[in-house]
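Tertiary structure, described
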Amino acid sequence: MSQTNKLRVLFCIGINQNFFDASPVEAKQVWGAFGVMMKGVEETPGIRVIGNMDDDQLMVGSSTTAPWTTYILADADALENVAAVCNLFRTTPVGDSGSKLWKYCKIEARVGRELIIQG
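Residues numbered from 1 in each chain as written. Predicted model: local features only at pLDDT ≥ 70, side-chain atom pairs only at ≥ 80, totals over all residues. Heavy atoms only, no water.

The protein appears in an unreviewed UniProt entry as IacB protein from Buttiauxella selenatireducens.

And the structure:
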């Protein structure tokens, strides 16, 4: 598949109020799970992470609307690969609590194509 046929994806991640209401121990477990999820994104078949960005210095508190808190820019082979990344929020456990990451964070994927300007 040529580079122009790949999907360009911006994963937008927001932190919700449950994280801010968590005890220090629980919050530490959430960040551990967040790290597992980020590694999972990089290891998802059909996904190539280009980079990420965190705007936590200018975005304080829970993300109730855009702008989000963290972004991952990636190329994907297919929509199924994008859905697999989003599913990491449903399946990544937070400590031994029985909770999954989506209790504390949300994700939304914007999918398009790389904009190529012909000179």
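Re the confidence of the model for the protein
For any part of a model where pLDDT is low, the fine detail of the predicted coordinates should not be relied upon. In this model, the protein carries an average pLDDT of 91, and 95% of its residues clear a pLDDT of 70 or more. Ranking the elements of the protein by mean pLDDT puts helix 1 (residues 17-21) last, at 94, and helix 3 (residues 79-91) first, at 98. (pLDDT = per-residue confidence, 0-100. Helix = DSSP H or I, 4+ residues; strand = E, 2+ residues; numbered from the N terminus.)

Focus on the pattern of salt bridges
One pass over the full model with this rule turns up six salt bridges. The salt bridge partner of Lys39 is Glu43, with a shortest N-O separation of 2.8 Å. Remark: Glu43 and Lys39 occur in helix 2 (residues 24-43); sequence separation between them is four residues, near one turn of the helix. A single burial state applies to Lys39 and to Glu43, both of which are exposed. As a salt-bridge pair, Asp77 and Arg48 come within 2.7 Å of each other at their nearest N and O atoms. With Asp77 in the loop between strand 3 (70-76) and helix 3 and Arg48 in strand 2 (residues 47-54), this pair connects stretches of sequence that are 29 residues apart. Here the residues in one salt-bridge network are Lys6, Arg48 and Asp77, joined through shared partners. (Salt bridge = Lys/Arg side-chain N within 4 Å of Asp/Glu carboxyl O. Buried < 20%, exposed > 50% of the residue type's maximum accessible area, 1.4 Å probe, protein only.)

A short note on the packing of helix 2 against helix 3
How two helices pack is summed up by the angle between their axes together with the distance between the axes. Contact geometry for helix 2 and helix 3: axes closest at 10 Å, N-to-C directions at 160°. With respect to helix 3, the element helix 2 is oriented roughly antiparallel. With respect to the hand of their crossing, helix 2 and helix 3 are arranged in right-handed fashion. Of the residues in helix 3, those in contact with Met37, Gly40 and Val41 of helix 2 are Val85, Leu88 and Phe89. (Axes fitted to C-alpha atoms, helices over the stretch in contact; angles between N-to-C directions. Parallel < 35°, antiparallel > 145°, perpendicular 65-115°, else oblique. Left-handed = near helix turned anticlockwise from the far one by under 90°. Contact = heavy atoms within 4.5 Å.)

Examining the nonpolar core
For soluble globular proteins, nonpolar side chains are generally found buried alongside one another. Phe11, Phe34, Met37, Val41, Ile47, Leu101 and Cys105 are the most contacted members of the largest nonpolar core, which totals 25 residues. Contributing elements (two or more residues each) for this core: strand 1 (7-15), helix 2, strand 3 and helix 3. The biggest single contributor to this core is helix 2, with six residues. Filtering out sequence-adjacent residues up to four positions away, Phe34 remains in contact with Ile13, Ile15, Leu101 and Cys105. (Core = buried A, V, L, I, M, F, W, Y, C linked by side-chain atoms within 4.5 Å.)

A look at the sheet that holds strand 3
A sheet is described by the order of its strands in space; here four strands give the open sequence 2-3-1-4, paired in antiparallel fashion. With partners counted over all chains shown, the strands left at the sheet margins are strand 2 and strand 4 (105-112), one partner each. Averaged over all pairs of adjacent strands, the angle between their axes in this sheet comes to 20°, without regard to strand direction. With eight bridges connecting them, strand 1 and strand 4 associate as antiparallel partners. Paired with Leu10 across the strands is Arg110, a residue of strand 4. Against the sheet, helix 2 engages strand 1, strand 2, strand 3 and strand 4, with an angle of about 140° to strand 2. (Pairing = 2+ DSSP bridges.)

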